[in-house]
Amino acid sequence: MHIPDRTIHYFVAFALLGSTLLASCETDLKEVDRIAAIQAEEPVDISQGVTVVYSDSALVKAQMTAPEMRHYNVEKPYYEFQKGVTIIFFDDIGAETQRITSDYAIQKETEELTEFRGNVVITRADGSIIKTEELIYDQKANTFYNHVPIEAYFKDGRGNFMGSSFTSDASFENIEVQNSTGLYIFEDGEGPAFR
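The structure displayed is predicted, hence computed values, not measured ones. (Residues numbered from 1 in each chain as written. Predicted model: local features only at pLDDT ≥ 70, side-chain atom pairs only at ≥ 80, totals over all residues. Heavy atoms only, no water.)

(A) Expanded view of the overall build of the protein chain. A tally of helices and strands in the protein chain yields one helix and 14 strands. Counting all 195 residues of the protein chain, 25% fall into the buried class. Surface accessibility of the protein chain: about 13,100 Å² in total, with carbon and sulfur atoms responsible for 56%. (Helix = DSSP H or I, 4+ residues; strand = E, 2+ residues; numbered from the N terminus. Buried < 20%, exposed > 50% of the residue type's maximum accessible area, 1.4 Å probe, protein only. Areas by Shrake-Rupley, 256 points an atom, 1.4 Å probe, with all protein chains shown as cover.)

Now the structure itself:
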């Protein structure tokens, strides 16, 4: 049986076209699978240049700023601040009472905990400064605490203290430092009174 050359050319053309289409469909399907896998691995909403204002009864209580905020929509949802965060707290007349900065933070919604990590600095309005590598805020108890060393510097620059860990109320007025040591510089005529 003799097959005309024209038929052979059509057959070859169809075979090449079919294999090209199948190859391109396979590549597209692989790309779709790759994108779907990324989305399945990381259900996250990412926001850039974030400013969040917390208010109560029309009074601003705090303002948070962060270069990036990630919200993970998982079984136990959480917010993550991989590029650092700053939170400024205000009193009832709008004056700053303290600020917290850190290189990283995570807010766990279900547990109602916020963890600050890496170069954590708490600056009080009176000028006193607390430095640590970890700070945890328990929203239910309205307290701060940590499990790593802490350093604090008095507002007038005349001393400091250190400790192995601490707990505090939310306003940092009542701080309990574990295993503390300190240094205080007395001016002329001042000194400790022993009775």
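(B) Representation of the environment of Thr-101 in the model. Tracing the backbone shows Thr-101 in strand E5 (residues 96-102). The partly exposed category is assigned to Thr-101, whose relative accessible area is 24%. Note: C-alpha distance between Thr-101 and Val-85 (16 residues apart in sequence) is 5.7 Å. Thr-101 has contacts with Val-85, Thr-86, Asn-119, Val-120 and Val-121, leaving out every residue within four places of it along the chain. (Contact = heavy atoms within 4.5 Å.)

(C) View of the pattern of salt bridges. What the rule picks out here adds up to seven salt bridges. Between Glu-115 and Lys-108 there is a salt bridge, and its shortest N-O distance comes to 2.9 Å. Exposure remark for Glu-115: the relative accessible area of 13% places this residue in the buried category. Classification of Lys-108 by relative accessible area gives partly exposed; the value is 24%. Two residues, Arg-124 and Glu-173, come together in a salt bridge whose shortest N-O distance is 2.7 Å. Of this pair, Arg-124 sits in strand E7 (residues 113-124) while Glu-173 is found in the loop between strand E12 (165-169) and strand E13 (175-178), placing the two residues 49 residues apart along the sequence. Here Glu-173 falls in the exposed class, since its relative accessible area comes to 53%. If you follow the salt bridges from partner to partner, you end up with Glu-68, Arg-70 and Lys-83 in one network. (Salt bridge = Lys/Arg side-chain N within 4 Å of Asp/Glu carboxyl O.)

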